[in-house]
Amino acid sequence: MADASGKTAESTGPKKTFLRDATGLVKEISLRNAVFFAVSSGIGIAAFSISFVALYPTNMIYGVPIFVWALLITAVTEFFFGLTYVFLAYIVPRSGGDYVATTRIFSPAWGFIEGITYAGAWLTAGGLNYWYMMTTMGDSLKLGALMSNGSALVSAGNWLTSTEGSLIVSIPFFLFFFFLFGFRQTKTYITANTITIGLAIFASVILLFTFVALSPSTSTIQANLLKVSGFSSIQALENAATAGGFSPGYTVSGFGALLLFMVFAFLGYQNNFYIAGEIKGQASKATYYGAIACILVLVFYYSVYWIPFAYAGGYNVINSWSYLFWTGSSSTPLGGSPPNSAAILALADPSLAGVAIPLGIISMTLADIGIVYVAVTIAIRMIFAASMDRLLPSWFGSISSRTFTPVKTTIIVLALVYLTYIANILGVNPATTLYASILLALPTYIFPSLNILLMKRRRPELWNMAPKSWIRKIAGIPAISLVSVAWLIFAIPVFGIFVFYPIITSAASSSSVLSFASSSGVLVSVVIFVLAAVIYYGARTYNKSRGVDVELLFKTIPPE
């Protein structure tokens, strides 16, 4: 059997099983840019960390917020998970990531479904963060309410967060992304991403230093908050959140939800696996350094960076404010804005609102742009890889001779991201979009470990390519297998208890299961999952009618 470059399986040899000369993609991403690409998606969440983490209990254990304990537990377990990606990147150094590994090791059907659902997760996440980007700019301008001459800024912020303003301002941003992704080489927009994330981190650090230098007091922040919140007292703010369903205090389910949040907050360590075929040098090396950088940066954001702002604002106040924001309350302080570091800086000293506004726009807006970069890139690579394997029409994998990128797929992905954005500004609850994205991403948190545990039996030629240190046995079990099992022992109970069990119980208690599914994001996830299965089996049937055995191809060499 010959591939598109004319090589036969025999002449190619087992060590070149996944080296595909005919993809048209170019190895042009440097190690530095790959590391920043890994950090990008986590930074986007971290920029909004205060509004995210404030939803959960903030009880102290040994003087440390319970959130930090959950952070440390998750950081250790996710380091193990990151190592599974490093291992797979060594064995399968090809753009497409989980899709490529799972189709070759576990199952072509499950690999395709995993790839399409993960692409769907990033499409929804990209649109959601596009919305965050526009919202952040408007929210930062609303801090003008703390300035004596800031009424024009407030008006601009209110207009920008309106449906009309969001639509109008989003168009030039969309055209920018369209031009950058569709008509420039990959190395160009990956380099642009490095600059974007570098500026976001720099602005965050300056914001932190400025805030700490103030020695802010809780009473000052809360007094200024009341001036712009519409509430008569801090207690009234907390009561509004409680009336809306917020229940502060430590609970086992709350801590579990916190662990679940942290699992998905540590996004990024796997990013380089999806562009492995375009990284200069060893993709596994880039994935390893990317995972380490991602974990370290996020630990910084969720502890060193987050704690001073939340502590100075008052945990109960930040919790209540955050809860009102996420439930869409019209009485949220600053006209619908979430609590964030720039807002708390301005509340600590209104004379610094002129500093907080540009720092907030740079740190949070650019961080959200970083997620859009990642979302578009990963979704493109998953769809492209499936096209290369003849499970999607070949034109999805068509590469431009000028940019060496799949332009047609890029256009489609950008359009879908923008449609998700439109849905959010037209009223879809961002929490619904976020939950749909989480559900669609779940397979990618399980299959990497399963692929490793099954590799020796299903694809021994791939297992034999692994570095000896990774498969050296400890107590009779290969080291990388122990790492995989350690991650599954943590992940499966967390997903089962805090993802699927609440869905089942909520659906059972709901008067309308369909209404619950559509409002929670479950329906979107199920539709995309079913659609992926239909496409795969349709493609398999079509290929068989032409004499092509798809499953046999996946067991031999990757079809070009």
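Residues numbered from 1 in each chain as written. Predicted model: local features only at pLDDT ≥ 70, side-chain atom pairs only at ≥ 80, totals over all residues. Heavy atoms only, no water.

Visitor: Can you break down the overall build of the chain residue by residue, with the values?
Guide: For the chain, the helix and strand inventory stands at 26 helices and four strands. With an accessible surface of roughly 21,100 Å², the chain has 68% of that area assigned to carbon and sulfur atoms. (Helix = DSSP H or I, 4+ residues; strand = E, 2+ residues; numbered from the N terminus. Areas by Shrake-Rupley, 256 points an atom, 1.4 Å probe, with all protein chains shown as cover.)

Visitor: Go over the packing of aromatic side chains with me, naming the residues and quoting the values.
Guide: One pass over the full model with this rule turns up 38 aromatic pairs. Ring centres of Phe177 and Tyr373 lie 6.1 Å apart, and the angle between their planes is 90°; on these two criteria the pair is classed as edge-to-face. Of the two residues, Phe177 is situated in helix α8 (residues 163-183) and Tyr373 in helix α17 (residues 353-388); the sequence distance between them amounts to 196 residues. Residues Phe177 and Tyr373 agree in their burial class; the two are buried. Their ring planes at 50° and their centres at 5.6 Å tell us that Phe181 and Tyr373 sit as a pair that is tilted. (Phe/Tyr/Trp six-rings, centres within 6.5 Å; stacked < 30°, edge-to-face > 60°. Buried < 20%, exposed > 50% of the residue type's maximum accessible area, 1.4 Å probe, protein only.)

Visitor: So what about the pattern of salt bridges? Which residues, and what values?
Guide: Counted according to the given criterion, the structure contains four salt bridges. Arg104 is paired through a salt bridge with Asp389; the nearest N and O atoms lie 2.8 Å apart. Taken together, the positions of Arg104 in helix α5 (residues 98-105) and Asp389 in the loop between α17 and α18 (407-425) put the pair 285 residues apart, joining distant regions of the chain. Where Lys142 meets Asp139, a salt bridge forms, and the shortest distance between an N and an O atom there is 3.6 Å. (Salt bridge = Lys/Arg side-chain N within 4 Å of Asp/Glu carboxyl O.)

Visitor: Lay out the packing of helix α9 (residues 186-214) against α17 with the relevant residues and their values.
Guide: Direction vectors running N to C along α9 and α17 enclose 150°, while the axes themselves pass 8 Å from each other. On the basis of their axis angle, the class for α9 and α17 is roughly antiparallel. As for the relative orientation of α9 and α17, their crossing is left-handed in sense. Contact residues: α9 offers Thr186, Tyr189, Ala192, Asn193, Thr196, Ile197, Leu199, Ala200, Ala203, Ser204, Ile206 and Leu207, while α17 offers Leu359, Gly360, Ile362, Ser363, Leu366, Ala367, Ile369, Gly370, Tyr373, Thr377 and Arg381. (Axes fitted to C-alpha atoms, helices over the stretch in contact; angles between N-to-C directions. Parallel < 35°, antiparallel > 145°, perpendicular 65-115°, else oblique. Left-handed = near helix turned anticlockwise from the far one by under 90°. Contact = heavy atoms within 4.5 Å.)

Visitor: Break down a nonpolar patch on the surface for me, with residues and values.
Guide: Together, Trp110, Val526, Phe529, Val530 and Val534 make up a nonpolar patch on the protein surface, roughly 430 Å² of accessible area in all. When residues of the nonpolar patch are assigned to their parent elements, the largest contribution, four residues, is made by helix α25 (residues 522-545). Look at Trp110 and you get partly exposed, because its relative accessible area is 39%. (Patch = residues over 30% accessible without salt bridge, like charges linked within 9 Å, V, L, I, M, F, W, Y side chains within 5 Å.)

Visitor: Which residues make up the side chain of Thr420, and what values do they have?
Guide: Topologically, Thr420 is positioned in helix α18. Discounting chain neighbours no more than four positions away, the residues touching Thr420 are Leu123, Thr124, Gly127, Leu128 and Thr433.

Visitor: Describe in detail the environment of Leu531, supporting the description with residues and values.
Guide: Locating Leu531 in the fold gives a position in helix α25. According to the relative accessible area criterion, Leu531 is partly exposed, its value standing at 47%. Each C-alpha atom of the pair Leu531 and Thr117 lies 9.3 Å from the other, and the pair is 414 residues apart in sequence.

Visitor: Before we move on, can you summarise helix α6 (residues 108-141) with the specific residues and values?
Guide: Relative to the 50 Å expected for 34 residues at 1.5 Å per residue, α6 spans 49 Å between its end C-alpha atoms, a close match to the ideal helical length. For α6, a buried count of 33 out of 34 residues is recorded, marking the element as mostly surrounded by other parts of the structure. The N-terminus of α6 is capped by Ser107, whose side-chain oxygen sits 3.2 Å from the backbone nitrogen of Ala109. (Expected span 1.5 Å × (residues − 1). Polar contact = N/O pair within 3.5 Å; in protein donor to acceptor, adjacent residues only side chain to side chain.)

Visitor: Now, about the environment of Leu167: what can you tell me, with residues and values included?
Guide: In this structure, Leu167 sits in helix α8. Distance from Leu167 to Ile422, taken between C-alpha atoms, is 7.8 Å for residues 255 residues apart in sequence.

Visitor: Mind laying out the confidence of the model for the chain, listing which residues take part and the relevant values?
Guide: The pLDDT averaged across the chain works out to 83; a share of 90% of its residues lies at or above 70. Per-element mean pLDDT across the chain ranges from 39 in helix α1 (residues 9-12) up to 93 in helix α20 (residues 447-458). Low pLDDT (under 50) marks residues 1-21, which in the prediction has 36 contacts with non-local residues, meaning those over four places away or in another chain. (pLDDT = per-residue confidence, 0-100.)

Visitor: Hey, could you go over unusual backbone geometry for me, with residue numbers and the actual values?
Guide: Positive phi outside glycine occurs at Arg390, with the angle close to 65°. Examined against the element boundaries, Arg390 turns out to sit in the loop between α17 and α18. Even without glycine at this site, Ala475 takes up a positive phi of about 55°. Inspection of the secondary structure assignment puts Ala475 in the loop between β3 (473-474) and β4 (477-478).

Visitor: For the side chain of Glu28, give the residues involved together with the corresponding values.
Guide: In this fold, Glu28 is placed in the loop between α1 and α2 (31-47). Of the polar contacts made by the side chain of Glu28, one reaches the backbone nitrogen of Lys187; its length is 3.2 Å. Non-local contacts of Glu28, meaning those with residues more than four positions away in its chain, are made with Gln185, Thr186, Lys187, Glu278 and Lys280.

Visitor: Describe the nonpolar core, with residues and values.
Guide: Within the largest apolar cluster, 177 residues are counted, with the highest numbers of intra-cluster contacts made by Phe87, Tyr99, Trp122, Phe264, Tyr302, Tyr445 and Phe495. Among the elements that take part in this core, α17 stands out by supplying 21 residues, more than any other. (Core = buried A, V, L, I, M, F, W, Y, C linked by side-chain atoms within 4.5 Å.)

Visitor: So, the packing of α8 against α17: which residues are in play, and what are the values?
Guide: Remark: α8 packs on α17, axes separated minimally by 12 Å, with the N-to-C direction vectors making an angle of 45°. With respect to α17, the axis of α8 lies oblique. Our pair here, α8 against α17, has a crossing hand that is right-handed. From α8, Phe176, Phe177, Leu180 and Phe181 reach across to α17, where they touch Ile369, Val372, Tyr373, Val376 and Thr377. Looking at the contact of α8 with α17 residue by residue, the class counts come to eight nonpolar, one polar and no charged. (Nonpolar A, V, L, I, M, F, W, Y, C, P; charged D, E, K, R; others polar.)

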